[in-house]
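These are the residues of each chain, in order.
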Amino acid sequence: MNSRPGVNSAPTVSNFGYEPCTYPESPKNRHLVVETKYISVDPYMRCRMNVDSGVDYAKAWGIGETISGFAVGRVLQSTNESYKKGDLVTSTDMSWQWKKFTVVHSESIRKIDGISEEQSSLTLGIFGLTGLTGAIGVMEQGNIQSDLFQTVVVSGAAGACGCVAGQVAKLLGCKKIIGICGTQEKCSFLEEDLKFNGAVCYKSENVKQRLAELCPDGVDVYFDNVGGNISDDVISHMNKCSTVILCGQISTYNSDVPYPPPLNQASAKLVHANSINRERFLVLSYANKFPSTLAFLSKAYAEGKLVSKETISHGLQNAGNAFVQMMSGYNIGKQIVKV
Ligand code: NDP
């Protein structure tokens, strides 16, 4: 990390450096040398660019420190008998350094079986933390009941978590899925490829008006990835005793506000008056649900009932740019860097 963007600014490519480094020394004590194949860039990384990350699950990076996160790679040298040279492995925590050749701890990875290297990036998306977030958020905090013909709205709908959240809500029997996203191209993707029932482009359409047209019976479940004005508009359409899954608030990540930021007065009043259940969701609190949810996602994907979409940038030297672009809406589906 070259420099910090500052708490009230969008990150830029110049915040990231790219430089040669030495090949790792022989690994010791259950560590492995791996060759990085794919890396994941994620919104939570924005908070690690501040002096204080402001969250308890991730520390801030120091200036000059190598960026780290989730990644996939091949084992080159191992000191753990469970892993041998050539195995494909994926991260189980956010400690994989953005280096072509790097050292990982055997407890920070798991082996990927039954999937080719070409497809291994799926373990950073639909079969990784973002897929789990979309699925577990809906399953555990959505109050989904298939006999109630519920209407579900997803913001950040064409992103990694949003795509999975909307599709899983449909798989669980919800009647109507509406996505909110930033471009017409994303709207078409949601309606045509993911079979959402409707989509709203918040940059070119009046969200409140479009929701009134698309959701005449009100909104029962809102999967909130973005917060801010978009969420205020959705909350104004929510039914009594409906549910907000507070997954993320990306519209505030480039500003100095606590997480989650407080609702404005009008929305807070509505949440109270309509007994809207609005609780913070953190996927890491549901680690016990990971195996069963991955099995559910794998089965649905294999049966063609779940679509995965990735936006792939090429080259480690472009990872900073991929992050910056993802934060401003360039990606459809999961943003990945192919090293
Ligand atoms: P995405 O793939 O959705 O990428 C980010 C997207 O956010 C962009 O493509 C852009 O799409 C949208 N965006 C950026 N700025 C704004 C803005 N000001 N207003 C509205 N939308 C904006 O990322 P993820 O799927 O990885 O993450 C989505 C959310 O889920 C984030 O808030 C993240 O922090 C959260 N998250 C939460 C987890 C949890 O455990 N609670 C775990 C993982 C992620 P567009 O074109 O639509 O603007």
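Computed from a predicted structure; not experimentally measured.

Draft legend 1. Representation of the packing of aromatic side chains within the structure. Within this structure, the stated rule accounts for 7 aromatic pairs. The interplanar angle of 10 degrees and the centroid separation of 6.2 Å between the aromatic rings of Phe16 and Trp98 together place this pair among those described as stacked. A residue pair is termed long-range when its members are at least 10 positions apart, and Phe16 in the segment before strand E1 (31-40) and Trp98 in the loop between strand E5 (96-97) and strand E6 (101-105) qualify at 82 residues. As far as burial versus exposure is concerned, Phe16 and Trp98 are alike and both buried. Ring pairs connect the aromatic residues Phe16, Trp98 and Phe323, which therefore count as one cluster.

Draft legend 2. Helix H2 (residues 129-141), seen in detail. In terms of residue burial, H2 counts as a mostly covered element, since 10 of its 13 residues are buried. The complete set of buried residues in H2 reads Thr130, Gly131, Leu132, Thr133, Gly134, Ala135, Ile136, Gly137, Val138 and Gln141. On its buried face, H2 sits against helix H3 (160-171), strand E11 (219-224), strand E12 (238-246), strand E13 (277-280), helix H8 (290-302) and strand E15 (334-338).

Draft legend 3. Highlighting the pattern of salt bridges. Here the structure, examined in full by the defined rule, presents 15 salt bridges. One salt bridge in this structure joins Asp87 and Lys111, with 3.5 Å as the shortest N-O distance. Of the two residues, Asp87 is situated in the loop between strand E3 (71-78) and strand E4 (88-91) and Lys111 in strand E7 (residues 109-111); the sequence distance between them amounts to 24 residues. Taking relative accessible area as the criterion, Asp87 reaches 8% and is therefore assigned buried. The salt bridge involving Arg210 is made with Glu205; its shortest N-O contact spans 3.0 Å. For Glu205, a relative accessible area of 24% translates into the label partly exposed. Residues joined by salt bridges that share partners form a network here, namely Glu35, Lys37, Arg74, Lys100 and Glu117.

Draft legend 4. Representation of the nonpolar core in the model. If you look at the biggest cluster of nonpolar residues, it comprises 79 residues, and the most contacted ones within it are Trp98, Val138, Leu190 and Phe323. Taken domain by domain, the makeup of this core includes at least three residues from each of domain 1 (13-125 + 309-338) and domain 2 (129-284). Look past the residues within four positions of Leu190 in its chain and what remains in contact with it is Ala157, Ala158, Gly179, Cys181, Lys195, Phe196 and Ala199. If you look at the next biggest cluster of nonpolar residues, it comprises 18 residues, including Val153, Val200, Cys215 and Val234.

Draft legend 5. Spotlight on the UniProt feature "domain: Oxidoreductase N-terminal" (unreviewed entry) in the chain. The sites that UniProt annotates as "domain: Oxidoreductase N-terminal" (unreviewed entry) are residues 8-111. Helix and strand shares over residues 8-111 are 4% and 33% respectively, and the end C-alpha atoms of the span are 39 Å apart.

Draft legend 6. Fine view of the site of the ligand. Every one of the 27 residues lining the ligand counts as a neighbour, but Lys186, Tyr202, Tyr253, Val283 and Asn331 are closest to it. At 2.9 Å, a backbone N or O of Gly182 approaches an oxygen atom of the ligand. When the ligand sits alone it has 910 Å² of accessible area, and the protein chains cover 88% of it. Considered class by class, the residues forming the shell around the ligand number 15 nonpolar, 11 polar and 1 charged.

Draft legend 7. Quick look at unusual backbone geometry. Along the chain, Tyr259 connects to Pro260 via a cis peptide bond; the corresponding omega equals -10 degrees. Following the sequence through the fold, Pro260 ends up in the loop between E12 and helix H7 (265-273). Here Asn143, not a glycine, exhibits a phi torsion of approximately 50 degrees, which is positive. By the element assignment, Asn143 lies in the loop between H2 and strand E8 (151-155). For Ser275, which is not glycine, the phi dihedral falls at a positive 50 degrees. In this fold, Ser275 is placed in the loop between H7 and E13. Here Ser275 falls in the partly exposed class, since its relative accessible area comes to 46%.

Draft legend 8. Focus on the side chain of Gln167. Structurally, Gln167 can be placed in helix H3. Excluding its chain neighbours within four sequence positions, the residues that come into contact with Gln167 are Leu194, Phe196, Lys305, Leu306 and Val307.

Definitions and cut-offs
Residues numbered from 1 in each chain as written. Predicted model: local features only at pLDDT ≥ 70, side-chain atom pairs only at ≥ 80, totals over all residues. Heavy atoms only, no water. Phe/Tyr/Trp six-rings, centres within 6.5 Å; stacked < 30°, edge-to-face > 60°. Helix = DSSP H or I, 4+ residues; strand = E, 2+ residues; numbered from the N terminus. Buried < 20%, exposed > 50% of the residue type's maximum accessible area, 1.4 Å probe, protein only. Contact = heavy atoms within 4.5 Å. Salt bridge = Lys/Arg side-chain N within 4 Å of Asp/Glu carboxyl O. Core = buried A, V, L, I, M, F, W, Y, C linked by side-chain atoms within 4.5 Å. Domains from an automatic or database assignment. UniProt positions renumbered as here; feature names shortened; annotations may be inferred. Near = heavy atom within 4 Å. Polar contact = N/O pair within 3.5 Å; in protein donor to acceptor, adjacent residues only side chain to side chain. Areas by Shrake-Rupley, 256 points an atom, 1.4 Å probe, with all protein chains shown as cover. Nonpolar A, V, L, I, M, F, W, Y, C, P; charged D, E, K, R; others polar.

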